[in-house]
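What follows is the residue order along each chain.
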Amino acid sequence: MKKISKVFPFSKFIEKKYVKSREKETGHKNIFFEKIGSSNSSREERLKELVEALQKQGWTLKEESNNDKK
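Being a predicted model, the structure only gives us computed values, none of them experimental.

A. Quick peek at the overall build of the chain. The helix and strand tally for the chain stands at two helices and zero strands. Counting only residues that meet the buried cut, the chain has 6% of its 70 residues in that class. For the chain, the accessible surface area stands at approximately 7600 Å², while carbon and sulfur atoms represent 55% of it.

B. Examining helix 1 (residues 12-26) more closely. Over its 15 residues, helix 1 runs 21 Å from end to end, which matches the ideal 21 Å to within 8%, given 1.5 Å per residue. Just past helix 1, the residue Gly 27 takes up positive phi, approximately 80 degrees.

C. Summary view of the environment of Lys 20. You can see Lys 20 is positioned in helix 1. Taking C-alpha positions, Lys 20 is 8.6 Å from Asn 30, a pair spaced 10 residues apart along the chain.

D. Examining helix 2 (residues 43-56) more closely. Its 14 residues give helix 2 an end-to-end C-alpha distance of 20 Å, which sits within 8% of 20 Å, the value for a rise of 1.5 Å per residue. Phi turns positive, to about 100 degrees, at Gly 58, one or two residues after helix 2.

E. Region of interest: a negative patch on the surface. Together, Glu 44, Glu 45, Glu 49 and Glu 52 make up a negatively charged patch on the protein surface. Mapping Glu 45 onto the fold places it in helix 2. Of the residues examined, Glu 45 reaches a relative accessible area of 43% and is grouped as partly exposed.

F. Highlighting the pattern of salt bridges. Summed over the entire model, instances satisfying the criterion amount to one salt bridge. A salt bridge links Arg 22 to Glu 25; the nearest nitrogen and oxygen atoms lie 3.5 Å apart. Residue Arg 22 and its partner Glu 25 are located together in helix 1, separated by three residues, close to a single helical turn. Judged by relative accessible area, which is 60%, Glu 25 ranks as exposed.

Conventions used here
- Residues numbered from 1 in each chain as written.
- Predicted model: local features only at pLDDT ≥ 70, side-chain atom pairs only at ≥ 80, totals over all residues.
- Heavy atoms only, no water.
- Helix = DSSP H or I, 4+ residues; strand = E, 2+ residues; numbered from the N terminus.
- Buried < 20%, exposed > 50% of the residue type's maximum accessible area, 1.4 Å probe, protein only.
- Areas by Shrake-Rupley, 256 points an atom, 1.4 Å probe, with all protein chains shown as cover.
- Expected span 1.5 Å × (residues − 1).
- Patch = residues over 30% accessible without salt bridge, like charges linked within 9 Å, V, L, I, M, F, W, Y side chains within 5 Å.
- Salt bridge = Lys/Arg side-chain N within 4 Å of Asp/Glu carboxyl O.
- Lys, Arg positive; Asp, Glu negative; His and termini not counted.
- Charge placed at Lys NZ, Arg CZ, Asp CG, Glu CD.

What follows is the structure, encoded as structure tokens:
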């Protein structure tokens, strides 16, 4: 038997079907399903894109003080 080693991403159809089924199960509208980077993106780039996407959705960031950073 041949071993499949590649991971295949969801197709758009499966992605939409999954979102619809989760909305039906929970009763909540999915408002955040945005791509925030690729597998080639660095951790910092993905984090920056995530913060920007959250801010577009109305999230606000509270500033960290120097005491909180380790």
